[in-house]
Amino acid sequence: MSSSTTARTARRRTLRIAVAALTAAAGLTLTACSGSDAADAKSAGHTSTSSPAANSKASPDAKTGTKPDAAGKASSGTQATGAGKTASPARTETLVDGSKAEIYDLGSQRYRAKIISDGAVVATMETTGQDADAGLDANGMYVVLTMGGKIHSWMGGEHQGPGTFKLVGGWKAKVTKVGELQYRAQIIGSEGVAATLETKGHDVGVDANGVYIVLSAGGVISAHE
């Protein structure tokens with residue numbers, strides 16, 4: 001083999017070795033980068049996965065938040081069951097026209113009376129528990145429901161206001177009109193005005209020491225012992 005041929009062969013070998021070295025180096029670089037990226041991805045994935053779990057495990061609010069929900073559902077169920085039950089009246093009384101009054105004790109000096117005629121509720125009256133009785137003009141039958149839950153009914157004895165009228169029991173009533181379906185009645189005794197009734201679109205009543213008085217939204221006043 002000539003010297004020139006030998007030189008060319010050596011150069012080829014040198015080039016091949018160089019290329020192989022570059023390829024190996026590139027492969028190592030890619031492997032190192034891939035390993036680093038995989039580690040970073042694994043690290044990032046580990047952080048995003050474990051963080052919520054750690055927070056959920058460490059936070060007491062997760063357990064606390066579950067218990068009130070369960071308790072709330074139980075409470076709602078109890079309320080629904082209670083609301084579904086029909087309350088029983090404390091007693092039932094017969095009124096002067098033959099209708100019935102179912103009286104319910106609502107507590108705190110509050111009472112409700114359902115007036116029932118021919119099996120249907122035709123009127124409902126309720127005391128407020130704030131030193132106020134309830135009154136009703138039921139087509140000429142007058143009803144007073146007191147804060148103590150006592151009910152009294154009668155018919156007749158009407159006076160159409162405005163005006164001043166003598167009532168049973170020594171009382172007088174001064175009735176004035178103060179607006180549409182709004183009348184005021186001052187109940188006057190020997191010592192002056194003892195009570196004031198005022199309608200505001202509905203009937204009102206009072207137990208004046210055993211004398212029952214109703215003032216209707218139309219200005220009719222009636223009293224009974």
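Residues numbered from 1 in each chain as written. Predicted model: local features only at pLDDT ≥ 70, side-chain atom pairs only at ≥ 80, totals over all residues. Heavy atoms only, no water.

**Q** Would you mind showing me how to read the nonpolar core here?
**A** If you look at soluble globular proteins, the nonpolar side chains tend to sit buried side by side. With 17 residues, the main nonpolar core has I187, L197, I213, L215 and I221 as its most contacted residues. Those elements giving two or more residues to this core turn out to be β10 (172-179), β11 (182-189), β13 (204-208), β14 (211-215) and β15 (220-224). Look past the residues within four positions of L197 in its chain and what remains in contact with it is Y183, R184, A185, I187, V204, G205, V206, I213 and L215. Counting 14 residues, the second-largest nonpolar core is a separate cluster that includes I103, I115, A123 and M125. (Core = buried A, V, L, I, M, F, W, Y, C linked by side-chain atoms within 4.5 Å. Buried < 20%, exposed > 50% of the residue type's maximum accessible area, 1.4 Å probe, protein only. Helix = DSSP H or I, 4+ residues; strand = E, 2+ residues; numbered from the N terminus. Contact = heavy atoms within 4.5 Å.)

**Q** Help me out: how do you make sense of the pattern of salt bridges in this one?
**A** Any two side chains of opposite charge can pair, on the condition that their charged atoms come close. On inspection of all chains with the given rule, the structure shows four salt bridges. A salt bridge links R110 to E126; the nearest nitrogen and oxygen atoms lie 2.4 Å apart. Pair noted here: R110 is in strand β3 (residues 110-117) and E126 is in strand β4 (residues 120-126), with a separation of 16 residues, a long-range link. Under the relative-accessibility criterion, R110 is labelled partly exposed at 31%. On the basis of relative accessible area, E126 is assigned to the partly exposed category, the value being 30%. E126 is paired through a salt bridge with R112; the nearest N and O atoms lie 2.9 Å apart. Taken together, the residues span a long stretch of sequence, with E126 in strand β4 and R112 in strand β3 at a distance of 14 residues. Look at R112 and you get partly exposed, because its relative accessible area is 27%. Three or more residues joined by partner-sharing salt bridges are found here, namely R110, R112 and E126. (Salt bridge = Lys/Arg side-chain N within 4 Å of Asp/Glu carboxyl O.)

**Q** So what exactly am I meant to see when it comes to the sheet that holds strand β7 (residues 151-155) here?
**A** Paired through backbone hydrogen bonds, the strands of a sheet run either parallel or antiparallel to each other. The strand order β5-β6-β7 describes an open sheet built from three strands, whose pairing is antiparallel. Each end of this open sheet is capped by a strand with a single partner; those strands are β5 (134-138) and β7. Across the sheet, the axes of successive neighbouring strands diverge by a mean angle of 15°, strand direction being ignored. With five bridges joining them, strand β6 (residues 141-145) and β7 adopt antiparallel strand pairing. Bridge pairing in β7 links Y142 to W154. (Pairing = 2+ DSSP bridges. Axes fitted to C-alpha atoms, helices over the stretch in contact; angles between N-to-C directions.)

**Q** Sorry if this is basic, but what is going on with the environment of G156 here?
**A** The residue G156 is located in the loop between β7 and β8 (159-160) in this model. Excluding its chain neighbours within four sequence positions, the residues that come into contact with G156 are G140, Y142 and S222.

None of the figures reported here should be taken as evidence of function without further support.
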